Amino acid sequence: MTSRTDEEAEVFGRLFVLGQHLTRRADEALRPLGLTSKQWLLLAVLVKGFPGAAPTLTETAAAYGTSRQNVKQVALQLADRGLVELVADPQDGRATRLALLPRVAMLDEPAVAERHAGLLRDMFSVLDDAELATLTSMVGRCIDHLAGTEVAR
């Protein structure tokens, strides 16, 4: 009989391996756009998490699940590609905000969107609709829990 601790350790390791596979596949798919999976994720966080807004590095880091310094490093790479702009907050000169630039719209071009949709279909084709919904819920709960424990610290 497997203990809960053994099962937790198993899923912990498997999630890291899954992350490695997802990162590799996403990096391959994003290469023609000149993006990495980390850069794409930061853009996705900005677009989905802060629609129409220019969040601070600190706000973005909380949503992205990493440090402010890591977000700034990735954001600078995106700024070099003309996708985001780092701007000083007009009310608080100590804060830096991330603003999306019009070039981000390239990710919505039909050919790009279909390519990414195909990648997602391929990655998750092994799951039926109910399993995908369950996985979405479970991963969301884990992220919410972990993000909450970060805030509590």
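Structure: above.
Residues numbered from 1 in each chain as written. Predicted model: local features only at pLDDT ≥ 70, side-chain atom pairs only at ≥ 80, totals over all residues. Heavy atoms only, no water.

For the protein, the count of helices and strands is six helices and two strands. The order of α-helices and β-strands along the protein, N terminus first, is α-α-α-α-β-β-α-α. The dimensions of the protein, computed from C-alpha atoms along their principal axes, are 60 × 45 × 25 Å. Residues classed as buried in the protein amount to 24% of the 153 residues present. (Helix = DSSP H or I, 4+ residues; strand = E, 2+ residues; numbered from the N terminus. Buried < 20%, exposed > 50% of the residue type's maximum accessible area, 1.4 Å probe, protein only.)

Let us now look at a nonpolar patch on the surface. A surface patch of nonpolar side chains, amounting to about 510 Å² of accessible area, comprises Val11, Phe12, Leu15, Phe16 and Leu18. By secondary structure assignment, the location of Phe12 is in helix α1 (residues 4-30). Exposure remark for Phe12: the relative accessible area of 53% places this residue in the exposed category. (Patch = residues over 30% accessible without salt bridge, like charges linked within 9 Å, V, L, I, M, F, W, Y side chains within 5 Å. Areas by Shrake-Rupley, 256 points an atom, 1.4 Å probe, with all protein chains shown as cover. Salt bridge = Lys/Arg side-chain N within 4 Å of Asp/Glu carboxyl O.)

Turning to its location among the elements, Ala29 is positioned in helix α1. With 120 residues separating them in the primary sequence, Ala29 and Thr149 have C-alpha atoms 33 Å apart. Not counting residues up to four positions away in its chain, the partners in contact with Ala29 are Arg115, His116 and Leu119. (Contact = heavy atoms within 4.5 Å.)

Once their charged atoms are close, side chains differing in charge can pair, the charge on each being opposite to the other. Enumeration over the complete set of coordinates arrives at eight salt bridges. Across the pair Asp89 and Arg97 runs a salt bridge, and its minimum N-O distance is 2.6 Å. A relative accessible area of 24% means that Arg97 is categorised as partly exposed. Connected via shared salt-bridge partners are Glu59, Asp89 and Arg97.

Moving on to the nonpolar core. In this structure, Leu35, Leu42, Leu43, Val71, Leu78 and Leu83 are the most contacted members of the largest nonpolar core, which totals 21 residues. Only α1, α2 (37-49), α3 (57-64) and α4 (68-80) provide two or more residues apiece to this core. Other than its neighbours up to four places away in sequence, Leu35 contacts Asp27, Leu30, Leu43, Leu78, Arg81, Leu83, Met106 and Leu107. (Core = buried A, V, L, I, M, F, W, Y, C linked by side-chain atoms within 4.5 Å.)

The space that makes up the second largest pocket amounts to roughly 150 Å³. Taken together, Leu18, His21, Leu22, Arg25, Asp122, Met123, Phe124, Val126, Leu127 and Leu135 make up the lining of the second largest pocket. Listed by contribution, the elements that provide at least two residues to the lining of the second largest pocket are α1 and α5 (110-124). For the lining of the second largest pocket, the element with the highest residue contribution is α1, accounting for four residues. Tallied by class, the residues present in the lining of the second largest pocket amount to seven nonpolar, one polar and two charged. (1 Å grid on protein atoms, 1.4 Å probe; cavity = no way out; pocket = protein on both sides within 12 Å on 5 of 7 lines; lining within 4 Å. Points joined across faces, edges and corners; volume = space filled by probe spheres on them. Nonpolar A, V, L, I, M, F, W, Y, C, P; charged D, E, K, R; others polar.)

The next subject is α2. Across its 13 residues, α2 extends 17 Å between first and last C-alpha, which sits within 8% of the 18 Å expected from 1.5 Å per residue. Restricting attention to buried positions, one finds in α2 the residues Ser37, Gln39, Leu42, Leu43, Ala44, Val45 and Leu46. (Expected span 1.5 Å × (residues − 1).)

Further remarks concern the packing of α2 against α3. Any two packed helices are characterised by the angle at which their axes cross and by the distance between the axes. Running from N to C, α2 and α3 point in directions that differ by 110°, and their axes come no closer than 10 Å. Accordingly, the angle class assigned to the pair α2 and α3 is roughly perpendicular. Facing Lys38, Leu41, Leu42, Val45 and Leu46 of α2, the residues of α3 in contact are Thr60, Ala63 and Tyr64. Taken together, the residues of the contact of α2 with α3 break down into six nonpolar, one polar and one charged. (Axes fitted to C-alpha atoms, helices over the stretch in contact; angles between N-to-C directions. Parallel < 35°, antiparallel > 145°, perpendicular 65-115°, else oblique.)

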